[in-house]
Amino acid sequence: MKCELTPADVGSELALAATYHRAVRTGIERIWENVLDWEHLPALHDVYFNHVVLIEIGSWGWRVELTKAGTADRRMFLELQIDRAKARYRVRTLAGEGTGTEIWTLLEPLGPQRTAIKLRFYLPEHRPERLAMLGEKYRASYARLWDQDEAMIVRREALLARSRTRSGVSGASLRLGPLAELRLPLLVELDGQPFRILELEDGELVAHSTICPHWLGPLDEAAPENGILRCPWHGYLFDLRTGASVDGRGCRLAPAPSVVVDPVTGEISLR
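Chemist: Outline the environment of His40, listing residues and values.
Modeler: As for its position among the elements, His40 is in the loop between α1 (28–35) and α2 (41–44). C-alpha separation for the pair His40 and Ile28, spaced twelve residues apart in sequence, amounts to 19 Å. When neighbours within four sequence positions are excluded, His40 is seen to be in contact with Asn34, His45, Asp149, Met152, Trp233 and His234. A distance of 3.4 Å separates a polar atom in the side chain of His40 from a polar atom in the side chain of His45.

Chemist: Please provide a residue-by-residue account of unusual backbone geometry, values included.
Modeler: For the bond from Leu184 to Pro185, the omega torsion is 0°, close enough to zero to count as cis. As for its placement among the helices and strands, Pro185 is situated in the loop between β8 (174–178) and β9 (186–190). Even without being a glycine, Ala87 presents a positive backbone phi close to 55°. Taking the relative accessible area as the measure of exposure, Ala87 reaches 14% and is therefore buried. The backbone of Leu216 sits at a positive phi, close to 70°, despite the residue not being glycine. Tracing the chain through its elements places Leu216 in the loop between β11 (205–209) and β12 (228–230). Owing to a relative accessible area of 19%, Leu216 belongs among the buried residues under this scheme.

Chemist: Hey, could you go over the sheet that holds strand β15 (residues 267–270) for me, with residue numbers and the actual values?
Modeler: Hydrogen bonds between backbone atoms are what pair the strands of a sheet, whose relative direction is either parallel or antiparallel. Here three strands make up an open sheet; going across it, the order is β8-β15-β14 and the pairing antiparallel. The open sheet has two edge strands, β8 and β14 (259–261), and neither has a second partner. Pairwise comparison of adjacent strand axes, ignoring direction, gives a mean angle of 20° for this sheet. Summarising the sheet, β8 and β15 pair through four bridges and their orientation is antiparallel. Of the residues in β15, the one forming a bridge with Pro178 is Glu267.

Basis of the calculations
- Counting from 1, residues in each chain are numbered in the order their sequence is written.
- Under the rules for a predicted model, residues below a pLDDT of 70 receive no local features and side-chain atom pairs below 80 are neither given nor counted, while totals for whole chains, interfaces and linings still include all residues.
- Values reported for side chains reflect all heavy atoms of the structure, with hydrogen atoms and water molecules removed beforehand.
- Numbering of helices and strands runs from the N terminus; a helix is a DSSP stretch of H or I covering at least four residues, while a strand is a stretch of E covering at least two.
- Note on definitions: a residue-residue contact is assigned when non-hydrogen atoms from the two residues lie within 4.5 Å.
- Polar contact is the term for a pair of N or O atoms within 3.5 Å; when the atoms are in protein, one must be able to donate a hydrogen and the other to accept it, and sequence-neighboring residues count only if both atoms are side-chain atoms.
- Three exposure classes are used, based on accessible area relative to the maximum for each residue type with a 1.4 Å probe and protein chains only: buried under 20%, partly exposed in between, and exposed over 50%.
- Pairing between strands is defined by DSSP: at least two bridges between the two strands are required.
- All axes here are fitted lines through C-alpha atoms, helices being fitted over the stretch that makes contact, and every angle between N-to-C directions spans 0 to 180 degrees.

The structure is reproduced here in structure tokens:
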């Protein structure tokens, strides 16, 4: 890494517990975009977190209150500070479980679609055995976190590239066959757009876009509940009948074709 940490960067009360290295399949600008995206923490990483409240945000980074998965009492106040000039950022636990912990991430561009990352975990702990144990936990957790983040970043990049080459809508229809022979939910593509057909709790058949309009998250496996669909990346909620937002965040699903059932043959088609 071009800008390694110096003793002046980290307080003497902290000890290095572990490091973690990997290369991520995206450019550094996508990394910065992901780092500043605080909203995805309790949705994409719901194994670790279950609620987040934004306290402050700016070009410097953000501060949030997080509730860790498990109990409501496991609250943390985190601060993220970025240093673009030195290609690095720090996440510091200001209060709550792990107070004083600092996690530094150093970035190095390896190419247009590849970035090296190096994480260093500093803890307010100096007992060797406990430091080593906690270091392994952090390393394993952040390997999983980055697996999830990388999958999100790579998918989003691919869909953005696809959207730049997509042609306009032709108004085509699609015949799917008799209802009795269809295995729902069913994934289909119409005019180059992916949709899913499913049956709601009241028996109504609907089609919906499988791409979240917020960050292009995957909706093809999201389980509906009372006609509402939740994006697994950021937790945005949509009405499956109308595509409208139901959480006040203003996003709307792309228009979906109507599911038509022939009253005589029982054949299903999209129009």
